[in-house]
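# Summary of structural features
Each chain is listed here by its residues.
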Amino acid sequence: MTDTISPPPATHAQSPVTPINLVLLTVFVILVYLRLKPSAPQVLPRAPPPTVFRTFTPPELFPYNGLNGMPVYLAVRGRVFDVTSGRNFYGPGGPYANFAGRDASRGLASGSFDEEMLTKDLDGPLDTLQDLDDEQKDAMRGWEERFEEKYLVVGKLVPVGSAEAEAAKAQQ
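About the criteria used
- Residues numbered from 1 in each chain as written.
- Predicted model: local features only at pLDDT ≥ 70, side-chain atom pairs only at ≥ 80, totals over all residues.
- Heavy atoms only, no water.
- Core = buried A, V, L, I, M, F, W, Y, C linked by side-chain atoms within 4.5 Å.
- Buried < 20%, exposed > 50% of the residue type's maximum accessible area, 1.4 Å probe, protein only.
- Helix = DSSP H or I, 4+ residues; strand = E, 2+ residues; numbered from the N terminus.
- Contact = heavy atoms within 4.5 Å.
- Pairing = 2+ DSSP bridges.
- Axes fitted to C-alpha atoms, helices over the stretch in contact; angles between N-to-C directions.

Counting 19 residues, the largest nonpolar core has Leu74, Val76, Val83, Tyr90, Phe99, Leu108 and Phe147 as the members making the most contacts within it. Mapped by element, the contributors of at least two residues to this core are β2 (73-76), α4 (105-110) and α5 (134-150). Broken down by element, this core gets its largest block of residues, three residues, from α5. Filtering out sequence-adjacent residues up to four positions away, Phe99 remains in contact with Tyr73, Leu74, Ala104, Gly107, Leu108, Ser112, Phe113 and Leu118. With eight residues, the next largest nonpolar core counts Leu61, Ala75, Val80 and Val154 among its residues.

Below is the structure:
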């Protein structure tokens, strides 16, 4: 018979503090901390200032051309639209930048973005657009409908010295 030698019986238990247990405990504590730590409160973006419908004269509309942080407005057939969300098109450097802060009716009607389409005398009478042909009037109405669908009407354009302009000035 062969005798096999068996190991002596263990007299003490093995310690639970082993390197692998310490690593696992550390990972567990970090995960619990990340899960339970308070999160930063969500901050909503600031709302834009409220827009009040107002009466503009051409000189009052002119500063709304997107320069110096100003919004971008333009007028079509006496209605002033806030086209700030389309700043890439109507603001500084955009293809329609000539119309910013101005009455764009004639230029849009004739499909021209040239400076001569704009009224030079801001204190003079508004362009009556009487000499436009039917095709140009249709083009202008098409632009106006596009603006109505996409942009907010923020006011109306009246000539300098008109009763409406004087009444609006008195209310300010």
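Next up on the list: the sheet that holds β2. Pairing is mixed across the open sheet formed by four strands, whose spatial order is β1-β4-β3-β2. The open sheet has two edge strands, β1 (54-56) and β2, and neither has a second partner. Here the average twist between neighbouring strands, direction ignored, is 40°. Relative to strand β4 (residues 152-157), β1 is paired through three bridges, and the arrangement is parallel.

No statement about biological role is implied by the geometric values presented.
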